[in-house]
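Chain and residue survey
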Amino acid sequence: MNASTRWIELDGAVNVRDLGGLPTLDGRATRRGRVLRADNLQDLSVKDVRVLLDEHALKNVIDLRSEAEVRLEGPGPLTRVPSVRLHHLSLFAEGGVYTDVTADTPDGQTPRTGDPAGTADAAGTADAVDLDKVLPWQNRADGGPEHERSIAHYLGYMRDRADSIVAALRVMTRTDGAALVHCAAGKDRTGVVCALALEVAQVTREAIVADYAMTGERLEAILARLRASDTYAADLDSRPADSHRPHASIMEKFLARVDEEFGGTLEWLARHGWTGDDTAALRDRLVT
């Protein structure tokens, strides 16, 4: 790991970093080697797996992808490592044919899916992925209504799958080794869960926003990976990578909405079964 940037260089994933070294409101910092964040782990090499196990003491993987994404992408190499426990905690309200029929899809429109060849049969039994939710940033125009779409999806994760978010944060309190949280791009779903965990750990708002925006440094490589996957490629537009950039204002506005609508992250978590003991455990685990 590059100590100055927090990036972890792997052959089969491009958006991997440690959440250690971030400043807290009381002048401390988050611990390194406790929580990692990443994009899809399907392509990890044997060397990558050894790096994660030996250098980062990986023990728990929090997979935020939908059931359909997991099936379409197939089992990743970490599923074959006995010492690593996989926690599949989708952030989508899953049901029916499509992964996320409750997405912010305009009325009357069919969700765009990763089924370009029309392989879903008349009964709708094939897997499909709604790219509008999986990659909510792909059609966003800076400053326009679509710019707010990501925030709506982020709040949707909280609305639809509070259970998964609470469970993910509890996995991060485990003391048996590092936890790694990931989705497809390692940006939206991963960004929300990590931001909420860092809020609980009392990391400064500025540092939380900066970590979210840091994904922009790897955007070209992230898009290249997604376009190489049959699951995501068909619906990923070919506009310049800069149009997908994770602007800091998105996370700033999202966290402000959490404050305004729920009274803050801890208040929202408490409504969904999170306790004071949970808060103490997460802070003890993440903060020096």
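Refer to the preceding data block for the structure.
The structure contained in this document is the topic of the report that follows. Values in this document were obtained by computation on a predicted structure and should not be read as measured data. (Residues numbered from 1 in each chain as written. Predicted model: local features only at pLDDT ≥ 70, side-chain atom pairs only at ≥ 80, totals over all residues. Heavy atoms only, no water.)

Focus: the packing of aromatic side chains
Aromatic ring pairs are described here by two measures, namely the spacing of the ring centres and the angle between the planes. How we decide: Stacked, tilted and edge-to-face pairs are distinguished by plane angle, under 30 degrees for stacked and over 60 for edge-to-face with tilted covering the rest, among Phe, Tyr and Trp rings (Trp via its six-membered ring) whose centres lie within 6.5 Å. Counting from the N terminus, the helices are the DSSP runs of H or I reaching at least four residues and the strands are the DSSP runs of E reaching at least two. The buried label goes to any residue with under 20% of its type's maximum accessible area, the exposed label to any with over 50%, and the partly exposed label to all in between, with areas taken from a 1.4 Å probe on protein chains only. Any Lys NZ or Arg CZ found within 6 Å of a ring centre and within 35 degrees of that ring's normal is scored as a charge over the ring.
In this structure the tally under the stated criterion is 4 aromatic pairs. Centre to centre, the rings of Tyr154 and Phe254 are 5.6 Å apart; their planes meet at 90°, and the pair counts as edge-to-face. On the criterion of sequence distance, the pair formed by Tyr154 in helix H4 (residues 149–160) and Phe254 in helix H10 (residues 248–262) is long-range, its members being 100 residues apart. Using a relative accessible area of 0% as the deciding quantity, one classes Phe254 as buried. Through a chain of ring-to-ring contacts, the aromatic side chains of Phe92, Tyr154, Tyr157, Tyr212 and Phe254 assemble into a single cluster. When the ring centre of Trp7 is taken as reference, the NZ or CZ atom of Arg218 above it lies at 4.0 Å.

With respect to the pattern of salt bridges
To keep things clear, this is the line we draw: Here, a salt bridge means any Lys or Arg side-chain nitrogen found within 4 Å of an Asp or Glu carboxyl oxygen.
Applying the stated criterion across every chain, the model contains 20 salt bridges. Taking the shortest distance from any N to any O, the salt bridge between Arg218 and Glu9 comes out at 2.8 Å. Taken together, the positions of Arg218 in the loop between helix H7 (205–213) and helix H8 (219–227) and Glu9 in the segment before strand S1 (17–18) put the pair 209 residues apart, joining distant regions of the chain. What makes Arg218 buried here is its relative accessible area of 18%.

Section: the packing of H7 against H10
Selection rule: Every axis in this analysis is a line fitted to C-alpha atoms, fitted for helices over the stretch in contact. Angles between the N-to-C directions lie between 0 and 180 degrees. Should an angle lie under 35 degrees it is considered roughly parallel, over 145 roughly antiparallel, and from 65 to 115 roughly perpendicular; all remaining angles are considered oblique. Here a crossing is taken to be left-handed if its near helix is turned anticlockwise relative to the far helix by less than a right angle, and right-handed if that turn runs clockwise. Should any heavy atoms of two residues lie within 4.5 Å, those residues are counted as being in contact. Each residue gets one of three labels, nonpolar for Ala, Val, Leu, Ile, Met, Phe, Trp, Tyr, Cys and Pro, charged for Asp, Glu, Lys and Arg, and polar for the others, Gly among them.
Put simply, H7 and H10 touch, their axes get as near as 8 Å, and they point 135° apart. With respect to H10, the element H7 is oriented oblique. Here the hand of the crossing between H7 and H10 comes out right-handed. The residues of H10 that touch H7, namely those facing Arg205, Ile208, Val209, Tyr212 and Ala213, are Ala248, Ile250, Met251, Glu252, Leu255, Ala256 and Asp259. Tallied by class, residues from the contact of H7 with H10 come to 9 nonpolar, no polar and 3 charged.

Describing helix H1 (residues 46–55)
Every buried residue of H1 is accounted for by Asp48, Val49, Val51, Leu52 and Leu53. For H1, the secondary structure elements touched by its buried residues are strand S2 (35–38), strand S3 (58–63) and strand S5 (178–182). The positive-phi residue at the C-terminal boundary of H1 is Ala57, with phi of around 50°.

Concerning the packing of H4 against helix H5 (residues 162–171)
Running from amino to carboxyl end, H4 crosses H5 at an angle of 90°, the nearest separation of the two axes being 5 Å. On the basis of the axis angle, H4 is roughly perpendicular to H5. Side by side, H4 and H5 meet where Tyr157, Met158 and Asp160 of the first sit next to Ala162, Asp163 and Ile165 of the second. Here the contact of H4 with H5 is built from residues that sort into 4 nonpolar, no polar and 2 charged.

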